[in-house]
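Results of the structural survey
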Amino acid sequence: MHRNSDLQISEREAETTSSKAAKAEFSKSYDQAFRLYIKAAEQFLHLSRSSSAEDRSKQKWKSSAANALERAERIKRFVEALRSGSNATSNSSGPPTNDLRLTPIGVNYFSPQEQYYILKKGATVNGLVFPAWEEPVHVNKCDTIYADPDGQPSLSPEQHKVAPVWRRPSPKGLANLKDADSCRPVLPQEILQCVVTDCSVCASLSVCLEHCRRFGSKYMKLMGGYDFPGSNSSIDLHLAGWIPESAFERERAWDRVERGFSSGQCVVTLGTGPSSYIRWRDIPLLPSHSYAVIDIYETEEGRLLTVIDSWVRSNGSKDEPSRILHIPWTEVLNTFEGVYLSWDPSIWQTTLIFHSMWKRSAADEAASRQTQIEFNCSSDLDEEIWVLLTRHVVDARRSTDFIALRVELEDDFAQDTDVVKNQRILSGKGTYTNSTHILARTRIPKSLRSGILSILASYEGDFSEVGYTLTAYSMSTTKIMWVENNSDPPFTSKIEGSFTAKNAGGNCTYPSFMVNPQYLLTIHPMKLHGGANVAANRTCKLTLGLRSNKDMPVNMALVWSEGRRVTELSVKDIVATSGAYSYGLARLTKSVSPGEYTLVASGFEPHHMGPFSLHVESSLPFDLKPIPNEGAGMYSKLVRGSWDSDTAAGAPSFGQYSKNPVFELEVPSTTQLMIRLQLLQPSTPNALNVTVYSNSQNNIKASLGQRHIATSGAYDDTIAGVATPQTTLGVGKYYMVPSTYNPGTQAAFRMVVYSSISNIRVTPVQGTRI
């Protein structure tokens, strides 16, 4: 009855909205009518999705929604026709044509209708339908026997091979058990892994029983059955409402984990890796196996964990039951691949929940959705905000769904000042995983009391639509709220590219960094109709996203360079970076002034190759164009050599310059020429120079005493090496001299000679071998 009453109220609200829309249309308030018809359609659609309504009512509401959408479309077409001038008859009593504008209607993803729709889509798991929990279910653990309305949980093929059966105690047996010990708590070591082959289920049950014994917590149904691939216990326990955490600074976590476990706010399980040979001291451990932790404590002997292995081992005539191990914390970190934590959500005073869906537009494209949280802190201490991403499970056996989560402070304050160091770091932040959950913990420094938290949830897999839930947690001293009216940026562009053998230069520690894909980003100031710049638009909010496949770590750097190609990263020239290299996605947000910038996209190593897409969002108009590679449109010739004990002569000021390696360059016709000199292994800084001289006297020492034809300039130790400017050379012979500043520097080098003609000749004439 209560449910029907709610439906009647919602129906009246939808009909009222529709009536207001019709009145607005009649009075020629087309913008208001358009928005009200869209709202009415959403309300009727929401009603039609109700599981408790009759089919006849659902059909009526669907029809009403269709009618409202049709009226909205008619208004849209009518207004577009008036604005385009196709309606030649002007009605003087109507609104002026220039005033006919319809406010764009975006989907309100935070509306109750959209949230309900996502939840309903994700309510089917392994073929079973799980309606929303509107009221708690109370089960008396001793007086009643639970009967699952879906029947007994399904078993896996491996379990069916040993012919297990589900059995209930007989009424007589129940009576005897009640009289004796029916309500005695089951101990965690009594959970044995035998017929139920999933180790994470057993580990989950063990830690739950220990928590029940200590703190009186209550029972759960995991994953709709036992027919699902192995996971970890923190994922299983999330179905009981606890917050899973698996990626954290393990070496610094002892105090936090011990304190959480002792207070009952945290339970812990461990997981081994896939190696077939895993031992703790002399005890063999199973590969890819979950272990329950039933105690965490510190003694004079050190920090210890009490660990249960629930696997039943057959030893000939008898089975060996579960065993208990007491393992030091440091040895836990060295032996187990995973330490899985599950946190009691009640430790947080504020919780936000948002349901959404990834929708891919192409089969080879990952999907991402951005959400924002506004926060205000009232304490004088550092605070934390936790964000949990949960992928909706439709089929528990699916293993091709990968998700990633990036949570960042959207503020200039959050930019790491050591930007060049960040360009050399490979981060696990935002890494794709086939887990159903990812937790991100973001520290809010005490010097930043308010701001925006940017959340990017990403999906890569075989399915075009996948639902997910974001849950945010904070303390009472930090108020958080979703940013619901986040409008789309007015200017966007997307470019497809690829890292190949020619342009995959790796990070900035490689001399090949300069060959990475680079783009000229020109941001224009907004102009008034008269052509003058708008003074209020002096800065531009810019968001850049670089997406690759999930196994490729990528990065972006935005640099002041007047639109030129960047050969190295200098702190003074960097405007913003995406931070450390992250798998599958790099992202940065920055407020910048109009002007010309160079955007550098890179993978972590030169061997990281594959397609990528670059997406730019801006509050001001912009142009984005690829910057040609060095020597683009020219022929190139690679020359290798080295400075040895005889030829490492150093700069001219040391008096032995003519003993350096010398190459003869023969030019058959006028050409444009450019030369780049690089160390093959730039492990230590070495200042370099390359200079071209005329070979008019056919004598090396005399020719090198003349004024040069082209030079790379002052000796420089940049990791990308040095280069001459593009120079015009006439027909003739020339000498090229690569040198280091300090004599005695022995190293291998390479020179790339770019020319506008193909038939120049380069020949070593002194002191080097090619």
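Please read all numbers here as calculations on a predicted model, not as lab measurements.

Regarding the packing of aromatic side chains
Under the criterion given, the structure shown has 19 aromatic pairs. When the centroid spacing of 5.6 Å and the interplanar angle of 20 degrees are considered together, the rings of tryptophan 358 and tyrosine 459 count as stacked. Within this pair, whereas tryptophan 358 is found in strand E13 (residues 350–359), its partner tyrosine 459 is found in strand E18 (residues 450–460), the two being separated by 101 residues in sequence. Note on accessibility: tryptophan 358 and tyrosine 459 belong to one class, buried.

Quick look at the sheet that holds strand E11 (residues 323–328)
Strand order in this open sheet of six strands is E3-E12-E4-E7-E8-E11, and the pairing throughout is antiparallel. Edge positions in the sheet fall to strand E3 (243–245) and E11, since each of these pairs with one other strand and no more. Adjacent strand axes in the sheet meet at a mean angle of 30 degrees when their direction is disregarded. Strands in contact with helix H9 (residues 254–262) are E3, strand E4 (266–271), strand E7 (290–299), strand E8 (302–309) and strand E12 (338–343); relative to E7, the strand with the most contacts, it is inclined by about 100 degrees.

Regarding the confidence of the model for the protein chain
Low-pLDDT stretches of the model should not have their predicted coordinates read in fine detail. When the pLDDT values of the protein chain are averaged, the result is 82; 80% of them are 70 or greater. Here residues 87–93 is modelled with pLDDT under 50, and outside its nearest four sequence neighbours on either side it reaches five contacts, counting other chains as well. The model gives residues 134–140 a pLDDT under 50, and that stretch makes two contacts with residues more than four places away or in other chains.

What about the environment of phenylalanine 612?
By the secondary structure assignment, phenylalanine 612 is in strand E29 (residues 610–618). Remark: the alpha-carbon pair of phenylalanine 612 and isoleucine 495, spanning 117 residues in sequence, is separated by 8.6 Å. Residues contacting phenylalanine 612, with those up to four places away along its chain left out, are Ile495, Glu496, Gly497, Ser498, Phe499, Pro517, Tyr519, Leu546, Arg547 and Ser548.

A look at empty space enclosed by the protein
Here the largest cavity defines a volume of roughly 60 Å³. Lining the largest cavity are Val207, Glu210, His211, Arg214, Phe215, Phe261, Gly264, Cys266, Val267, Val293 and Ile294. Going through the elements one at a time, helix H7 (199–215), E4 and E7 are the ones with two or more residues in the lining of the largest cavity. The dominant element in the lining of the largest cavity, judged by the number of residues it contributes, is H7, at five residues. The residue makeup of the lining of the largest cavity, split by class, is seven nonpolar, two polar and two charged.

As for the side chain of serine 613
Here serine 613 lies in strand E29. Assessed through its relative accessible area of 13%, serine 613 is described here as buried. Discounting residues that sit within four places of it in the chain, serine 613 has contacts with Lys494, Ile495, Glu496, Gly545, Leu546 and Arg547.

Focus on helix H2 (residues 30–48)
Between its first and last C-alpha atoms H2 spans 27 Å; for 19 residues at 1.5 Å apiece the expected length is 27 Å, and the two agree. Along H2, the residues that are buried comprise Tyr30, Ala33, Phe34, Leu36, Tyr37, Ile38, Ala40, Ala41, Gln43, Phe44, Leu47 and Ser48.

Let's talk about the pattern of salt bridges
Following the criterion strictly, the structure yields 19 salt bridges and no others. Residue arginine 35 pairs with aspartate 31 through a salt bridge whose shortest N-O separation is 3.7 Å. Taken as a pair, arginine 35 and aspartate 31 lie in helix H2 at a separation of four residues, close to a single helical turn. Assessed through its relative accessible area of 38%, arginine 35 is described here as partly exposed. Beyond isolated ion pairs, a larger network of salt bridges with shared partners links Glu245, Arg256, Glu384 and Arg441.

As for the environment of valine 662
Tracing the sequence through the fold places valine 662 in strand E32 (residues 662–667). Put simply, valine 662 and isoleucine 700 are 38 residues apart on the chain and 8.2 Å apart in space, counted from C-alpha to C-alpha. Those residues in contact with valine 662 that lie beyond four places of it in its chain are Ile700, Tyr735, Met736, Val737, Thr763, Pro764, Val765 and Gln766.

Analysis parameters
- Residues numbered from 1 in each chain as written.
- Predicted model: local features only at pLDDT ≥ 70, side-chain atom pairs only at ≥ 80, totals over all residues.
- Heavy atoms only, no water.
- Phe/Tyr/Trp six-rings, centres within 6.5 Å; stacked < 30°, edge-to-face > 60°.
- Helix = DSSP H or I, 4+ residues; strand = E, 2+ residues; numbered from the N terminus.
- Buried < 20%, exposed > 50% of the residue type's maximum accessible area, 1.4 Å probe, protein only.
- Pairing = 2+ DSSP bridges.
- Axes fitted to C-alpha atoms, helices over the stretch in contact; angles between N-to-C directions.
- Contact = heavy atoms within 4.5 Å.
- pLDDT = per-residue confidence, 0-100.
- 1 Å grid on protein atoms, 1.4 Å probe; cavity = no way out; pocket = protein on both sides within 12 Å on 5 of 7 lines; lining within 4 Å.
- Points joined across faces, edges and corners; volume = space filled by probe spheres on them.
- Nonpolar A, V, L, I, M, F, W, Y, C, P; charged D, E, K, R; others polar.
- Expected span 1.5 Å × (residues − 1).
- Salt bridge = Lys/Arg side-chain N within 4 Å of Asp/Glu carboxyl O.

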